[in-house]
Structure formats: C-alpha cells, structure tokens
Amino acid sequence: MKNQVVVSTLRTLKPAVKSLFAAGLLAVLAACSGGGAGTEENVTTPPNPGGNYNGPPPASDDVQRFKINLWDNIVGTDKCGACHVAGGQSPEFARSDDINLAYAAANTVVNLTEPDKSRMVEKVGGGHNCWLGTAQAELNACAETLTRYITNWAGGSVGGGANEVKLDPPVEREPGNSRTFPSDTADFRDTVYPLLTEYCSRCHSDTADNAQSPYFASADINVAYAAVQSKINLDNVDASRLVVRLREESHNCWDNCTANAQEMQDAIQAFVDGIPLTEVDPNLVISRSMRLIDGVVASSGGRYEANVIGLYQFKEGSGSVAFDTSGVEPAAQLNLSGGAEFVGGWGVQFAGPMAKAQASTLSSKKYHDLIKATGEYSIEAWVAPANVTQDGPAHIVSYLGSADSTNFTLGQTLYNYDFLMRHSGTGADGNPALSTADADERLQATLQHVVVTYDPIRGRRIYVNGEFTGDVDNTPIGNLNDWDNTFAFVLGNSPALDRPWAGIIKLVAIHNRVLTDEQIVQNFNVGVGERYYLMFSVSHLLDNPACFLGTPAVSQCYLVVEVSRYDSYGYLFNKPFFVSLNDAATFNGIPFQGMRIGINGREAPVGQSYAKLDTTLTASNQVLSPLGTVIGLEKGPASDEFFLTFERIGTHTNVYLEPTPPPPGIPSDSNPESAIGVRTFDEINESLAEITTVSPNSSSIKTLFAQIRQALPSVETITAFNSAQQMAVTQLSIAYCSALVDDATKRASYFPGVNFAAGPTVALDATGRNNVINPLIAHVMASNVTSQPNVADVQTEMNALITRLAASGGNTSARTITIVKSVCAATVGNAAMLVQ
C-alpha cells in the first residue's frame, strides 16, 4: 500500500481488537454539547434500556453486533441517550425507535478499522461530555472505554487476524540546537527556587503538613531540582507548567495571577538564559529527529480481552484515581491513597505500609456477579516487585473483606507467587494457597507477567512470563457459592492496610473466563506500557530515488525503533528495523555501520548498544538488532528530541573516535572487610547434621530445610546477617536436636550416662549435667581453634540454662527430654557453629 507500511505485532487481534476499539466511542457520544459534569465518587451506572428495545429487529448480524457492543452501552441518559436520539442532536446513533437507523448514524462517526481514530472517540477525548468529568485523565479514560465498545463491534465486522500498526510518514524535523538541564543547581537556586520556596512550600514540599507531589519547593534543593524539571520547558518558557498553572488555571496565585505568572516566567527565563545551547556536531551523519509524542502508538492492541470485566492500564499519569476502562459497567475505579502514586510509562507504585488502590464495594460487586455466573476466571497483571523479601503473603491483587476473609488474592511471599481463593474446598481466607515452588524462585524483582486462573476442572494454575509454572493445585475442586458480594477490589494491600506490598503494577485485567495457554502467551508477547514506534527518516542519506515519492517529495525510507517510557527516569529503545513505505523500492546492499542514539543535540553518553552494528540494508522490514538499551530522560516525552547518528550509511561516513578516558583517580580506602563470616544455608545444614549425628535426609529435617532455606544466610558476609536469619538457624537447630533426643538409640550413644527415664532432679544432677554438657561441647567446639568462645564460659552458661529450665515444668522424664533438647539447640545453634 502506498505511503504507509503495516507492521505485524505477531499477535492475534480476535476479541482483543474488539475491546480496544470500543473504548473510545462511548466517550464521544456521552453528551450533547459542552463539558460533562465531574464526579466526586464512583457511581454505579443505572441499568441501560438496551433490553427494553421494542423497535424493528436488526436487519443484519452487523447491526446486532452494533447493538450489543455499542448501542446498549451508550443509550442510557447518563451517556448519549439524552441527546443523540430521534429528533435530537445529529447524528442520532442513540435513538431507540429503530436500531437500524441508529446503526446508519453511528457509521458516520466510527472507524471500524482504527476505532481509536473514530470521530466519536476524538470528540469525547477532546472534552465533549465525558461522563467521568473534565480533567484530562478522565477524558482519556472515557475515550479508552468508548474505543473498547467500538472495538468489540469491529471484531465481528472486520474480522480477526494479526494486529497491525500502520506506519505513516511523520512530520520531518531537523535535529536542532537544544538546552539540557545542568547537573549543578546553582542557577536554579538563584532564579526559580526562591519563588517556589516562598509561595509553594505549604504544599509542594516533602515536609509540608499537607505534602503534595511533586516536591519542587522542598527544603532540600536537590529534591526540588529533580522534581521541577518536568514543570519547566527549556525550549518554550511560557509553556512551562509552572507558568500555565498561574496564568491560565489561577492555581494558588499569591497576588495577581497574570503578574505572578509573568514573575515566574521571568525567573524561568533567567534560569534558561544561563544554560548554553548544545549545538549538533556538523561532522555527524544524522537522521531526521523525533520526539516520543510524534511516534506511532505501538501498544494499542493485540491483547486477548474477549472476556475482560475489569481493566486498569494506569495511563492517567497523575491524580488519585485509576480508571477501569474495560467498558463493563459499573466501572470499578480505584482510589489511590497512602503513598500509592502514578509513575512514568503507565504504572502505579506502591511504597509504604499505607499504600493501596481500592474500588468501592458497590462497583466491586460486578466481579462477584460476573465471575460466579461462569464459575471460572483469570487474574492477569504486569508487576515489578520491589524486592524478594516480602512475606505475609503481601497482597498484590485482591477482592476481599480482610486478610482472613477473601474471594481471591494474588500475593507474594519472598520468591513465590501465592494464589488464595475461597471456594467450597478452602477456608474463608483462601487457604491452603497455591504457591510457586520455593526452589524455582519464580518471583523476581523485575517486571513480570503473572496470570492466575481457576476453573472447576483444573482448579488453580499460575503462569509467569507466559509459562505454566507446573505447580499443581491439590485442593479439592469447589464451587464459588460462598463468595461475598460486599468485599472490595484492592491493589497493593488489604482494605485494613495489614498486607502491604511494595512494587510497581503496570496493568491489571480481570477476565470472567479462563485464559488458554495460547492466549496467555499472546498477551505476554504484546508487552505492556507506553510504547511507540519512532520513525527516523534516512531517505536523505540513501541516494535512492525510491526513498522519495510525490510532490512535494515525501520521505519513504526510515529506521524504526520501538521506544517506551522505561520508568520515570529513562526511555527503553528496542529492536530497530529498516522499512520503506514504497512497496516498489529495492535496495542493493547499502552499507550500514555504527548506529548511535542522539538526544537533545548530542549523542547520549551511555546506552549505545547499537554502536557495533555492521550490516547491509537489503530489504524493507529488515531487523537490525534484537537488543534494547536505556537512554536517560532529560526534559520529558513532550520535549526530548531524539535522532540517530551513523559511522556509515550508504556513501556517507563519519569516523568515530572513542573519547580518551580520563586517568583513573586514586581509589579511596574502603571500609575493611571483616576477616570472619558466617556459614551459608547448605553449610549450616551439613554442620548441624555432623554435630548432632542426625541425617539431613531424614523426612522432618528435609521438609523443614526446604521451607526455611530462603531465610538462612545466602552470603558469608557477616554484616549481612540479620535477626530473621538467626531465627531460621534456631528453628533448624531445634529440629536436629529433637530428632537426636527423640531417637533412644542415638541419645544413649550421644549422652552416655543420662537417665532419660528420670525427672530432672535425678537425671540432671551434677553428673547428669556433665553428661549433657560435655558431649555437646566436644561436638561443637573444636580443640584446635584459637578464635572461639571460652569453653569454661560456655559450660557455665549451659549449666545456668539447665538450672533455670529445671526450676519449672515439673519433675518428669518428659521434662528431662525437653530440657536436653533446649540445651542442645542453644549450643549447636550458637556462634561457635555459625561463625567461620
């Protein structure tokens, strides 16, 4: 096709496309004219009158698809049914007298091939009566939901197949001279910072009573400088957010808003004037430039979402509400609180014991109703745990009343994912949980795709990064009759804030059907987050007439890179490929070497993964590298300007000289490493086995060791040893000593002369005590070690322990056995065994 190319994302569209395209439609139609009223609370949409339609029947299957997927969802008076009706505002796509006429009207404002580009979606996204409110995040959520409705209609009308992203020629831009925020805060301190600290510190400071992010008025100037950079436009000062908030939104003006905005603009201009321009090196061989917002959205489809009943993509970027854009009413919006906040690249970060994102119990009820109706479901999430030390389990995704009463919970325990759910075969708390195996360490502190499913045939299953973990649910299959419809859907914690989880969630989808293995792989392959295709024009470098078409000539040859917001601080560049939009173009081995990424007028100092490329361009859609790399964010997605440089492309060359590294400085002396350390988990286990003569393969020992292995020391560094590890050592010591003393043959050999049939007053007299203490000392403390506790001191402590234990608990043989076990555990689990 001329002037565009289609890039397959290797995913099947099927019902996934349905979902996406439909989301936008709802938003546009939502009202007649002007902006819609904002909402303060989550409200349940009243039942729509779709089921009450009494007009002529649909004239075709496509009209029926329109009715089910779009009309039924927008015909209510809270959306479009108040205006776009028969005799009302044109187009009359919400009329209820004749579905066929409504269908004809809707076709004038929808695009079934690209639902997100439908006129209805654009209208609602632009502010035309969004039913959620007038803030940009609310407009975006309305547009997403409306696109999903149209997509559901389109999935049956235009068919399935591989999801395709169309690459159209972008506006060409020469890389320009640019300014970049200096690393030093001196100019900021003397210009903008005084205004911020004087007038904004009551809120925008991390020490304020009513602290509100971003903290650009923090008393710590480094914190303030890092926070303010996204609010200052170095290239267009009067467009800086700090200025716009005062001038156009009258946000906390301290006097006259117009005068205050000018004062802020003058201060920013003074700051910018002190930053030198970075000029593009004229010797570089460079492509045309692109900003992230100029790219083609690469994450707009391809997921399987035929049965999604709740969807959170976290595109809002700011605010305190994450919108459910599934299109299934009522929308279960999430209220963020306690330190839960949006991060760049579409995600929410949970940090601190109070952080959570929770829906109302009323809107959460749809999960109860729609899942019980099918008896099966899937929970899908893209998560990045902050660490692998969280225990509990810490709650990631839950629908529950409390930690002791849940419908379902996806949680974390150390390296494991846990799946708890209530059915007739489990307890009210969802236990016994299905967990990934300890030894597999499936959960890692990195971005992972996690899916848990339940159906009454296979029970619970867990998938990580597209793969079934193999963990088998041994709990008897049950029904969902005991599910409670008064619970709340919550992320990152429990409603009572007693199961906090730390990390970032980038997507959550609730399906009221089980996803198949193929569908899970499909959704994993699609990926997640804010991703774009950046098309860097290289037509001017290839000396090929086919790289230009039309009058005026339009570039046809591009190097395309998938670029995403990696987090709040960087961009991920991934999998570059060469493409021509001219199907007739041919390429005869064009030399291609040494590609580097430029940002804001200069080559990025780090992250140049493509610098060693050495190949030839031979055909369109030619993949150049499977690698990815991270480039630091400087001004933000709306302002950072990227371009590519080349050592050789076609006949154009630039000799790249590696900069001479500065001479290394004299390294400072680090803190000396301790000469002593601790035994690690396997060493501890084998040492206790040797000391007690109990086999580590005995069933009780083997089971316990598998359970607590992760809590035992994994490194020998003594400064890394903590109290939790000491507790694990104590548990294992008790187990070994119990196994020793409970075995009559072993204990008689180990503690000769001790009368275990007598009470402590007889069995642990002076002679009996020596018969307990001396064998333990002999096994634990080697005679040829000079750096260890004094033997006499240890004997004194052991004797005192026996005295304290014998003073209570009765004078029975059972008490004698307990005392010997206790003394044994205290001795074998102490520093003499642990430290080396």
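Above this text you will find the structure in question.
Residues numbered from 1 in each chain as written. Predicted model: local features only at pLDDT ≥ 70, side-chain atom pairs only at ≥ 80, totals over all residues. Heavy atoms only, no water.

Is there a simple way to think about the overall build of the chain in this case?
Looking only at helices and strands, the chain features 22 helices and 33 strands. The principal-axis extents of the C-alpha atoms in the chain amount to approximately 105 × 80 × 65 Å. When the accessible area of the chain is evaluated, it comes to approximately 36,200 Å², of which 51% is carbon and sulfur surface. Across the chain, the centroid of the 54 positively charged side chains sits 5 Å from that of the 84 negatively charged ones. (Helix = DSSP H or I, 4+ residues; strand = E, 2+ residues; numbered from the N terminus. Areas by Shrake-Rupley, 256 points an atom, 1.4 Å probe, with all protein chains shown as cover. Lys, Arg positive; Asp, Glu negative; His and termini not counted. Charge placed at Lys NZ, Arg CZ, Asp CG, Glu CD.)

I would appreciate a short explanation of the state of the cysteines in the present structure.
Such a bond, covalent and formed between the sulfur atoms of two cysteines, is termed a disulfide. Going through the model one piece at a time under the given rule, you end up with four disulfides. Each sulfur of the disulfide joining Cys130 and Cys142 lies 2.0 Å from the other. In this structure, the disulfide formed by Cys130 and Cys142 twists by about 65 degrees around the S-S bond and is classed as right-handed. Here the residue Cys130 occupies a position in the loop between α4 (119-125) and α5 (136-157), and Cys142 occupies one in helix α5, the gap between them amounting to twelve residues. Linked covalently through their sulfurs, Cys737 and Cys824 form a disulfide whose S-S length is 2.0 Å. Because the sign of the S-S torsion sets the handedness, a value of about -75 degrees for the bond joining Cys737 and Cys824 places this disulfide among the left-handed ones. (Disulfide = S-S within 2.5 Å.)

How do you make sense of the pairing of strand β14 (residues 405-413) when you look at a structure like this?
Within a regular strand, side chains alternate between the sheet's two faces. Of all the nine residues making up β14, nine are buried; the element is thus mostly covered by neighbouring parts of the structure. By the bridge criterion, seven bridges tie strand β13 (residues 394-402) to β14 in an arrangement that is antiparallel. Residue pairing in the sheet places Leu400 in a bridge with Thr406 of β14. Taking the residues between adjacent antiparallel strands as the criterion, β13 and β14 are bridged by two residues. For β14 and strand β15 (residues 416-421), the ladder comprises six bridges, and the chain directions are antiparallel. Each bridged residue has a counterpart across the sheet, and for Leu410 the counterpart in β15 is Phe419. (Buried < 20%, exposed > 50% of the residue type's maximum accessible area, 1.4 Å probe, protein only. Pairing = 2+ DSSP bridges.)

Any chance you could explain the side chain of His84 here in plain terms?
Relative to the assigned elements, His84 resides in the loop between α2 (61-74) and α3 (99-106). A relative accessible area of 4% means that His84 is categorised as buried. Polar side-chain contacts of His84 include one of 2.9 Å to the backbone oxygen of Pro91. (Polar contact = N/O pair within 3.5 Å; in protein donor to acceptor, adjacent residues only side chain to side chain.)

Explain the sheet that holds strand β7 (residues 321-322) here, please?
Hydrogen bonding along the main chain pairs the strands of a sheet, whether they run parallel or antiparallel. Pairing is antiparallel across the open sheet formed by eight strands, whose spatial order is β7-β8-β11-β20-β13-β14-β15-β16. One side of each edge strand has no neighbouring strand; the edge strands of this open sheet are β7 and β16 (434-435). With two bridges connecting them, strand β11 (residues 356-358) and strand β20 (residues 488-491) associate as antiparallel partners. When the bridges of β20 are listed, Gln358 appears paired with Val490.

Help me understand the pattern of salt bridges, please; the structure alone is not making it clear to me.
It is possible for side chains bearing opposite charge to pair when their charged atoms get close. Here the structure, examined in full by the defined rule, presents 29 salt bridges. Residues Arg513 and Glu376 are paired through a salt bridge, measuring 3.9 Å at the closest nitrogen-oxygen approach. Highlighted residues: Arg513 in the loop between β21 (503-511) and α12 (517-526) and Glu376 in the loop between α11 (361-374) and β12 (377-385), separated in sequence by 137 residues. The class of Arg513 is partly exposed, set by a relative accessible area of 38%. For Glu376, a relative accessible area of 18% puts it in the buried group. The shortest N-O distance in the salt bridge between Asp742 and Lys821 comes to 2.9 Å. You can see Asp742 sitting in helix α16 (residues 723-742) and its partner Lys821 sitting in helix α21 (residues 813-828), a full 79 residues away along the chain. (Salt bridge = Lys/Arg side-chain N within 4 Å of Asp/Glu carboxyl O.)

Which parts of the structure should I look at to understand the environment of Asp294?
Following the sequence through the fold, Asp294 ends up in the loop between β4 (290-291) and β5 (296-297). The class for Asp294 is partly exposed, based on a relative accessible area of 25%. Spatially, the C-alpha atoms of Asp294 and Val171 are 8.2 Å apart, while their sequence positions differ by 123 residues.

Can you walk me through the packing of aromatic side chains in this structure?
The geometry of two aromatic rings is summed up by the distance between their centres and the angle between their planes. All chains considered together, the criterion is met by 33 aromatic pairs. A ring pair is formed by Phe408 and Trp483, whose centres lie 5.9 Å apart and whose planes are at 55 degrees; its orientation type is tilted. Of the two residues, Phe408 is situated in strand β14 and Trp483 in the loop between β19 (467-468) and β20; the sequence distance between them amounts to 75 residues. A relative accessible area of 5% places Trp483 in the buried class. For the pair Phe578 and Phe587, a centre-to-centre distance of 5.0 Å together with 85 degrees between the ring planes defines the contact as edge-to-face. (Phe/Tyr/Trp six-rings, centres within 6.5 Å; stacked < 30°, edge-to-face > 60°.)

I would appreciate a short explanation of the packing of helix α19 (residues 766-780) against helix α20 (residues 791-806) in the present structure.
Helix-helix packing: each pair is described by the crossing angle between the helix axes and the interaxial distance. Between α19 and α20, the shortest axis-to-axis distance is 10 Å and the interhelical angle comes to 135 degrees. The orientation of α19 with respect to α20, classified from their angle, is oblique. Like other packed secondary-structure pairs, α19 and α20 cross with a definite hand, here right-handed. For the pair α19 and α20, contact is made by Arg769, Ile773, Asn774, Leu776 and Ile777 and by Val791, Val794, Gln795, Met798, Asn799, Ile802 and Thr803, respectively. Considering only residue class, the contact of α19 with α20 consists of seven nonpolar, four polar and one charged. (Axes fitted to C-alpha atoms, helices over the stretch in contact; angles between N-to-C directions. Parallel < 35°, antiparallel > 145°, perpendicular 65-115°, else oblique. Left-handed = near helix turned anticlockwise from the far one by under 90°. Contact = heavy atoms within 4.5 Å. Nonpolar A, V, L, I, M, F, W, Y, C, P; charged D, E, K, R; others polar.)

Scope: geometric values only; no functional claims are made or implied.
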